Amino acid sequence: TVSVLYWRAAAMSAALTRSTYNTWVWLFFFGIFTLLWLIFVGIGLFLVMRGAPTRRRGVAAGALFTAALVCFTLAMAFTASLHALHMAGAVIIALIANVLAGPFVAVLFSKKHAVLFRNPPAASSKPKSDSDVHSGAAATDTDGGDTSDLKELTGVGAASPTAHANNGDGHDELHIPTRHRLTVIRKAIWRCVPYIAGVYGGMLFVIVVSFVALADGCYCSAPNEFNTWLSRKLAAPHPGRCATGETCHLYAIVGSHCSDVAVVGHYGASGSGDVPVGAVLEWWPLTDGSSMTTDDGAAPAGVAVAGDVPAGVATPSSPTSPRGRIVVDHPIAEDYRVVAQVPVLGLECNAGYRFRMRMVFAGDVVKGPRTLRTRTLPGRASASPVRFIGGGDLHGGAIGHNMMRRLWAAHHAAHFVWVGGDIAYANNIRYCYRRWDTTLALLTGFTRPDGTQPLLMAAVGNHEAGGYLNAEADTPAGRAAAYTHHSTYFPSPEALSDYYLFPAPGVSSNGTTGGRAAWHPALPAVTAAQLPPGHVGATFATTAGLRGDMTATFYRALIGSTGWVVLDSDIMFRTEAQVAYLNETLAFWAARRRAGELAKIVVAYHCPGLPTVRKWEDPQATKVRRDFYPLMLRYNVSLVFEHHDHAYKRSHPIRANGRGGLETAAPYEGFIASGDGALGVGGSRLAAHNRWYHAVSSKSNAGFAVEQSPSGHFSVRVYDENVDMLDAFHA
């Protein structure tokens, strides 16, 4: 039974929560409590079935069986808490175990009826023979019962095969065969109703308390943390908490072009009846003065909407801008989170803006607002460099957060913050929303000298997905059902605006049929000639299946004079499913570079192809080298950011060796791979390996400060946890 429950629960955990790490921690808790259960049961059975049948043994055995039942109940409670089994199923299993074991435990604790477990008779009352024991005489033991109970319960008389033997201290021990002990227990059960009722009441109390206290568990790693609805309710409000009825965590993520951003705002709903039907985003350009103020009474320079906003509330200022989305991210009672994603296109590059977001509800009720001051990126023709800070594996605790604060203090003019996956370590568990709140509060708390907030840019990591490829089906619906948080909080800017960049096949001239028409009503078709200068990409014929897929975790962006491609390293999307996209994107970037319109190509993702800690044969590393590297080498990618290994690395320049493998190259030939994800968890891993491709490797925490010149030259400085220089290089 234990084996069946163990493996069945493991399978259901993977199926229901889509978090491998959740399964592992449940198996750990289940294993610990099951082991204790088996130990207690084993010792209890030994006391019952072997040795002198004293009262003390009976009470000890009863206590052990009670502890065993508590352990089994806790194992089931953790199963339900971490969603490895349905709550009802786990409760039923625990109840069955307690119902079956309750009478047996009651007999063991019963002083009157558990006749097998009396103290040995005193020497003064030592019987003369076995016949005296079974004759019904008033031979009374120290517990106040008489041996006539034994005859009544076992149905045996003087000829029964019981015997007395002196135990060496003047006392006799009553030896009763196992079959008679079981007969006594079976018959005594029906005489122990009050005790049984008491045991059942106690067990029911344990079950209720365990399942209630441990309900809705969240397991987070780095640092390890387990909390339940009760501990969260009793805890002090966490940083970044999204209060009910308020808009929170308003931020902008890097768009596909310097004139684009995607603005994301969170709303704390009180329940399903408090979900906004849409959101209105208005913006004003900021002045060039040091105060960066603007007239709040002025009409907005632009308006964009998400969801279903009535024309009487707001009208988009640009008919070619796509309508954003309203997403219910995790509809749980304690944190009913709704997220508005609004793409904003056609802004001025390298300019400051003030955004105001308001939520719209049924009946044209508007709540809010919340404001955001941010700045678009310098354009391809700008004389200003592009600067960013970051790294991979931010960590959910003080190490990574302090690292980011120190990096920002030293480089507070950065245009955007980059996190290469494993952002909050929430493990794809809806009840781990506090980790995301704390992390978003950190990332949105940075302020540039001009009063604006930096943009955000991120890749997906395995701790966003709860493992690797956990979706039951490799379809948009399968991924949407399997994953929470990441694609909602960091939507692909390309996917969010892909009706604009990728007109879907079958869409009529007014956009009312096919494709994304459901939330882009009456928009005219957009041709490549109508795209703003520098926009690229209406030519991806082989990637048509990606259009409208908001679960996409890969995208591209033109940042300064560099073409960036952010990929999913076999986490939510298979690497092989991205090959056509990567091939066409890199081919396009390479053509623009040959034409002198681009200077560099950068690729970034989470799991490294050149690992620093993991083995060369690591599954994700193998697939990255198989599917991504050949294209990156073919199209002369200059710089690759890899993470995941919780160490620091910089590789020698890497090129193909002509025999299907890789080799080091001369400077500025091939690509340099750097990163390996040590913003917050560097020191906790094994020592980094120094392999043939390593120019530098270290187990230290590491964060980047990067300046990209208008000519595309990258100057990279790498700092340890004390913001001391760890490495520096150019690409």
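**With respect to the pairing of strand β10 (residues 335-344)**
A regular strand places its side chains on the two faces of the sheet in alternate fashion.
So, point 1. Most of β10 sits out of view: 10 of its 10 residues are buried.
So, point 2. Of the two faces of β10, both are covered, the one formed by D335, R337, V339, Q341 and P343 as well as the one formed by Y336, V338, A340, V342 and V344.
So, point 3. With 9 bridges connecting them, strand β6 (residues 261-269) and β10 associate as antiparallel partners. Residue pairing for β10: G268 is matched across the bridge by R337.
So, point 4. Relative to β10, strand β9 (residues 325-332) is paired through 7 bridges, and the arrangement is antiparallel. Note on β10: the bridge partner recorded for R325 is Q341.
So, point 5. Counting the residues that bridge the hairpin from β9 to β10 gives 2 residues.

**Structural notes on the packing of helix α2 (residues 20-49) against helix α3 (residues 55-81)**
The packing of two helices is summarised by the inter-axis angle and the distance between the axes.
So, point 1. Taken N-terminus to C-terminus, the directions of α2 and α3 make an angle of 165°; their axes are 8 Å apart at the nearest point. Comparing the axis directions of α2 and α3 gives the class roughly antiparallel. Considering how the two elements wind past one another, α2 and α3 form a crossing that is left-handed.
So, point 2. Taken together, the residues of the contact of α2 with α3 sort by class into 26 nonpolar, 3 polar and 1 charged.

**So, the sheet that holds strand β20 (residues 648-651)**
So, point 1. Read across the open sheet, the 7 strands follow the order β16-β17-β18-β19-β23-β20-β24; overall the sheet is mixed. In the strand order of this sheet, the two ends are held by β16 (555-559) and β24 (694-698), each with one partner. Averaged over all pairs of adjacent strands, the angle between strand axes in this sheet comes to 15°, irrespective of strand direction.
So, point 2. Pairing geometry for β20 and β24, over 4 bridges, is antiparallel. Bridge pairing in β24 places R650 opposite V696.
So, point 3. The strands touched by helix α17 (residues 579-594) within the sheet are β16, β17 (562-566) and β18 (600-604), with β17 carrying the most contacts at an inclination of about 175°.

**What to know about the pattern of salt bridges**
So, point 1. In total, this model carries 23 salt bridges according to the counting rule given.
So, point 2. Measuring nitrogen to oxygen at the nearest pair gives 2.8 Å for the salt bridge that ties D627 to R626.
So, point 3. On the basis of relative accessibility, which here comes to 48%, the residue R626 falls in the partly exposed class.
So, point 4. Each of D570, E576, K623, R626 and D627 takes part in one network of salt bridges that share partners.

**A few points about the state of the cysteines**
So, point 1. All chains considered together, the criterion is met by 3 disulfides.
So, point 2. Across the disulfide from C242 sits C248; the S-S distance is 2.1 Å. On the S-S bond that ties C242 to C248, the torsion sits near -100°, and the link is left-handed. You'll find C242 and C248 in the same group, each marked buried.
So, point 3. The side chain of C258 participates in a disulfide bridge whose partner is C349; the two sulfur atoms lie 1.9 Å from each other. On the S-S bond that ties C258 to C349, the torsion sits near 60°, and the link is right-handed. A residue pair is termed long-range when its members are at least 10 positions apart, and C258 in the loop between β5 (247-254) and β6 and C349 in the loop between β10 and β11 (352-361) qualify at 91 residues.
So, point 4. Judged by relative accessible area, C258 falls into the buried class, the value being 4%.
So, point 5. The disulfide pattern of the protein is 1-6, 2-3, 4-5 when the bonded cysteines are numbered in sequence order.
So, point 6. Here C220 is not disulfide-linked; the sulfur of C218 is the nearest cysteine sulfur, at 3.4 Å.
So, point 7. Relative accessible area serves as the criterion here: at 1%, C220 is assigned to the buried category.

**Some remarks on the sheet that holds strand β8 (residues 302-307)**
So, point 1. Across the sheet, 4 strands lie side by side as β8-β7-β11-β12; this open sheet has antiparallel pairing. Taken across any chain shown, the strands that pair with only one partner, and hence form the sheet edges, are β8 and β12 (365-375). Pairs of neighbouring strands in the sheet enclose a mean axial angle of 20°, with direction left out of account.
So, point 2. With 8 bridges connecting them, strand β7 (residues 278-285) and β11 associate as antiparallel partners. Along β11, the bridge assignment pairs W284 with R354.

**Side note on helix α18 (residues 619-627)**
So, point 1. Residues Q620, A621, K623, V624, R625 and D627 constitute the buried set of α18.
So, point 2. If you follow the buried residues of α18, they end up packed against α17, α19 (629-634), β19 (639-642) and β22 (662-664).
So, point 3. Near the N-terminus of α18, the side chain that reaches the backbone nitrogen of Q620, with its oxygen 3.2 Å away, is that of D618.

**What about the packing of helix α10 (residues 398-410) against helix α11 (residues 433-443)?**
So, point 1. The interhelical angle for the contact between α10 and α11, taken along N-to-C directions, is 10°, at an axis separation of 10 Å. With respect to α11, the element α10 is oriented roughly parallel. Here H401, M404 and R405 of α10 come into contact with α11, specifically with T438, T439, L442 and L443.
So, point 2. Here the contact of α10 with α11 is composed, by residue class, of 3 nonpolar, 3 polar and 1 charged.

**Thoughts on a nonpolar patch on the surface**
So, point 1. Together, F28, I32, L35, L36, I39 and I43 make up an exposed nonpolar region whose accessible area comes to about 510 Å².
So, point 2. Structurally, L36 can be placed in helix α2.
So, point 3. For L36, a relative accessible area of 32% gives the class partly exposed.

**Some thoughts on the side chain of S700**
So, point 1. Within the secondary structure, S700 sits in the loop between β24 and β25 (703-708).
So, point 2. For S700, a relative accessible area of 17% gives the class buried.
So, point 3. A polar contact is formed between the side chain of S700 and the side chain of E721, at a distance of 3.3 Å.

**Describing α10**
So, point 1. With 13 residues, α10 extends 18 Å from end C-alpha to end C-alpha; this agrees with the ideal 18 Å at 1.5 Å per step.
So, point 2. Each element contacted by the buried residues of α10 is listed here: β13 (386-391), β14 (416-419), α11, β25 and β26 (714-719).

**A few points about the side chain of D274**
So, point 1. Turning to its location among the elements, D274 is positioned in the loop between β6 and β7.
So, point 2. Looking at D274, the relative accessible area reads 9%, which means it is buried.
So, point 3. A distance of 3.1 Å separates the side chain of D274 from the side chain of Y267, its partner in a polar contact.
So, point 4. Engagement of the side chain of D274 in a polar contact is seen with the side chain of K367, the distance being 3.5 Å.
So, point 5. The contacts of D274, once residues within four sequence positions are left out, are Y267, G268, A269, F361 and K367.

**Let's talk about the packing of aromatic side chains**
So, point 1. With the rule as written, the count across this model stands at 29 aromatic pairs.
So, point 2. Taking 5.6 Å as the distance between ring centres and 80° as the angle between the ring planes, the aromatic pair formed by F388 and W564 counts as edge-to-face. You can see F388 sitting in strand β13 and its partner W564 sitting in strand β17, a full 176 residues away along the chain.
So, point 3. Measuring from ring centre to ring centre gives 5.3 Å for W436 and Y489, while their planes differ by 85°; the resulting arrangement is edge-to-face. Here the residue W436 occupies a position in helix α11, and Y489 occupies one in helix α14 (residues 486-489), the gap between them amounting to 53 residues. Across the pair, Y489 and W436 agree in class, each one buried.
So, point 4. Put simply, the rings of F388, F416, W418, W564, F641, Y648 and F704 pair up and form one aromatic cluster.
So, point 5. The positively charged end of K367 is found above the aromatic ring belonging to F361, 4.8 Å away from the centroid.
So, point 6. Sitting over the face of the ring of W616, R625 holds its NZ or CZ atom 3.7 Å from the ring centroid.

Conventions we followed
Residues numbered from 1 in each chain as written. Predicted model: local features only at pLDDT ≥ 70, side-chain atom pairs only at ≥ 80, totals over all residues. Heavy atoms only, no water. Buried < 20%, exposed > 50% of the residue type's maximum accessible area, 1.4 Å probe, protein only. Helix = DSSP H or I, 4+ residues; strand = E, 2+ residues; numbered from the N terminus. Pairing = 2+ DSSP bridges. Axes fitted to C-alpha atoms, helices over the stretch in contact; angles between N-to-C directions. Parallel < 35°, antiparallel > 145°, perpendicular 65-115°, else oblique. Left-handed = near helix turned anticlockwise from the far one by under 90°. Nonpolar A, V, L, I, M, F, W, Y, C, P; charged D, E, K, R; others polar. Contact = heavy atoms within 4.5 Å. Salt bridge = Lys/Arg side-chain N within 4 Å of Asp/Glu carboxyl O. Disulfide = S-S within 2.5 Å. Polar contact = N/O pair within 3.5 Å; in protein donor to acceptor, adjacent residues only side chain to side chain. Patch = residues over 30% accessible without salt bridge, like charges linked within 9 Å, V, L, I, M, F, W, Y side chains within 5 Å. Areas by Shrake-Rupley, 256 points an atom, 1.4 Å probe, with all protein chains shown as cover. Expected span 1.5 Å × (residues − 1). Phe/Tyr/Trp six-rings, centres within 6.5 Å; stacked < 30°, edge-to-face > 60°. Lys NZ or Arg CZ within 6 Å of the ring centre and 35° of its normal.

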